[in-house]
Amino acid sequence: MYRNSTLHYTYYRQQQQSEKGPQRKTCNLLIHGDMAYRFITSRAVPSSNRLNRRFLFIFTLSLSLTYLCYSVLYCSETIMHSQGIEEHRCVLIQRVGSKKLLQRSHYCTFDTDGRHLREETHTDGLTRQRTGFSHNKSKPFASHSASSRSVNGSYRGSNNKTSSSKYGIKKLPKAIIVGVKKGGTRAVLEFIRIHPDVRAVGTEPHFFDRNYDRGIDWYRGLMPRTLGGQITLEKTPSYFVTREAPRRISSMSRDTKLIVVVRNPVTRAISDYTQTLSKKPDIPTFEELAFKNKSLGQVDTTWNAIRIGIYALHLETWLQYFPLAQMHFVSGERLITDPAGELGRVQDFLGLKRIVTDKHFYFNKTKGFPCLKKPEDSSAPRCLGKSKGRTHVQIDRDVIEQLRDFYRPFNVRFYETVGQDFRWD
């Protein structure tokens, strides 16, 4: 009998070594219970005493069942604890913003509203599209509930620093501010990027005019990361006067929405010249550059500052590739006098909720331009750079009148095409 007990112990011992974790602990408990029963029944109690043996059998069996229940509870607690560690690991991964883990691994990530966690395998971040992107017309630019809504007339960061700066994926822009230079494009970009559903490139990519040979993947790489429901936006004012830009943007996506910021072409030309003069003080005078023959009133349309203001001619090229419904024209003059109104119409055009309102702006008398009120994470209001709102060069009145006469027929044509009178005459 002792030999049999030894053999049983050896067998259970082998079973114990083959098990791992909680199962090994359960096996260990069963070994001790079984060995205790065999030892007591074989040595401590005479074989003739059946009643005592039955009692000890029941006692040993109940003890084994008790240990088994304890082991089951122990296993369940271990599983729950490991799940808790995995969830905590997900949160830590989110906080450190590990790009490779988020893109390649099966971890939990934030929902589009940024408040809940879910599990998903990120594959979009690794997908390289060669032919642009498709746009869901049934749900254009759906706005999501973001945590960085404006509060009491202030906003959270002028750069819209939401969780999408670390998470999300880079997408081609759904909207582009295509022009025009010195019309107020920088103001529109800075004002609209307050909106939590807009993510914008801060610098001008110049992809569709100067860097097109770098390829669409290079262009996508410049874009900020966006979450579901957010719009990617970029601004390059020279696109409007670049003849190849409409075709190139259309080949990327025919659904791209275009924003054009226009301004009185005479005022725009003077502002353009003032900016150039600040960089190159030795250039000829405005009158010398603007006219081929001033006495005859012959305007030099080869000068870029004059050519940009012929909006009707440039618009004809764009209408060959995009319908007028996909273009929105912002008045540079109204952007100064009523920034909230202009931004409200821009938000409507992009399919966004009107979050940027008049409570976000105040008029800076020194610059003669609206500025953004104090952000929550800043100690001072935010105005545009020193180059914005600079004093223009003084131009003779008769020169201004000659330029107005030159632009008038083009302006009328532009009004009729877009269905809006900008009152530049």
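For the structure itself, consult the block above.
Notes on the structure follow. (Residues numbered from 1 in each chain as written. Predicted model: local features only at pLDDT ≥ 70, side-chain atom pairs only at ≥ 80, totals over all residues. Heavy atoms only, no water.)

Scanning the entire structure with this criterion turns up 15 salt bridges. Here D272 ties to K181 by a salt bridge, and the two come within 3.3 Å at their closest N and O atoms. Here K181 lies in the loop between β4 (175-179) and α5 (185-192) and D272 lies in helix α8 (residues 265-279), a separation of 91 residues in the sequence. You can call D272 buried: its relative accessible area is 3%. In this structure, the salt-bridge partner of R397 is E401, at a minimum N-O distance of 3.6 Å. Placement of both R397 and E401 in helix α14 (residues 397-418) is noted, with a separation of 4 residues, approximately one turn of the helix. Note on R397: relative accessible area 55%, which makes it exposed. Here E401 falls in the partly exposed class, since its relative accessible area comes to 30%. Salt bridges sharing common partners tie together K181, R268 and D272. (Salt bridge = Lys/Arg side-chain N within 4 Å of Asp/Glu carboxyl O. Helix = DSSP H or I, 4+ residues; strand = E, 2+ residues; numbered from the N terminus. Buried < 20%, exposed > 50% of the residue type's maximum accessible area, 1.4 Å probe, protein only.)

The next thing to look at is the environment of C383. Take C383: it is sitting in the loop between β13 (369-372) and α14. Separated by 196 residues in sequence, C383 and A187 have C-alpha atoms that sit 9.2 Å apart. When neighbours within four sequence positions are excluded, C383 is seen to be in contact with Y362, N364, K367 and C371. (Contact = heavy atoms within 4.5 Å.)

Mapped onto the elements of the fold, N264 is located in the loop between β8 (257-262) and α8. A residue is classified by how much of its surface remains accessible, and N264, at 11% relative accessible area, is buried. Reaching out from N264, the side chain makes a polar contact with the backbone nitrogen of V266 at a distance of 3.0 Å. At a separation of 3.3 Å, a polar atom in the side chain of N264 contacts the main-chain carbonyl oxygen of W424. If we skip the residues at most four places from it in the chain, N264 touches Y311, E333 and W424. (Polar contact = N/O pair within 3.5 Å; in protein donor to acceptor, adjacent residues only side chain to side chain.)

This part is about the side chain of R263. Along the chain, R263 falls in the loop between β8 and α8. Despite its burial, R263 remains without a salt bridge, the nearest opposite charge being carried by E333 at 4.7 Å. Here K182 takes part through its backbone oxygen, which lies 2.8 Å from a polar atom of the side chain of R263. (Lys, Arg positive; Asp, Glu negative; His and termini not counted.)

A few words now on the packing of α8 against α14. Two elements in contact, α8 and α14, have axes separated by 9 Å at closest approach and are oriented at 125°. Between α8 and α14, the interaxial angle falls into the category oblique. Only I400, L403, R404, Y407 and N411 of α14 make contact with α8, whose side of the interface consists of P265, V266 and I270. Split by residue class, the contact of α8 with α14 holds 6 nonpolar, 1 polar and 1 charged. (Axes fitted to C-alpha atoms, helices over the stretch in contact; angles between N-to-C directions. Parallel < 35°, antiparallel > 145°, perpendicular 65-115°, else oblique. Nonpolar A, V, L, I, M, F, W, Y, C, P; charged D, E, K, R; others polar.)

This brings us to the packing of aromatic side chains. Taken as a whole and judged by the stated rule, the model has 23 aromatic pairs. Note on Y311 and F414: the rings are 5.5 Å apart at their centroids and 55° apart in plane angle, and the pair reads as tilted. Note that Y311 is positioned in helix α11 (residues 311-318) and F414 in helix α14, a separation of 103 residues in sequence. Judged by relative accessible area, Y311 falls into the buried class, the value being 1%. Seen from the ring of F349, K257 lies directly overhead, with NZ or CZ sitting 5.1 Å from the centre. (Phe/Tyr/Trp six-rings, centres within 6.5 Å; stacked < 30°, edge-to-face > 60°. Lys NZ or Arg CZ within 6 Å of the ring centre and 35° of its normal.)

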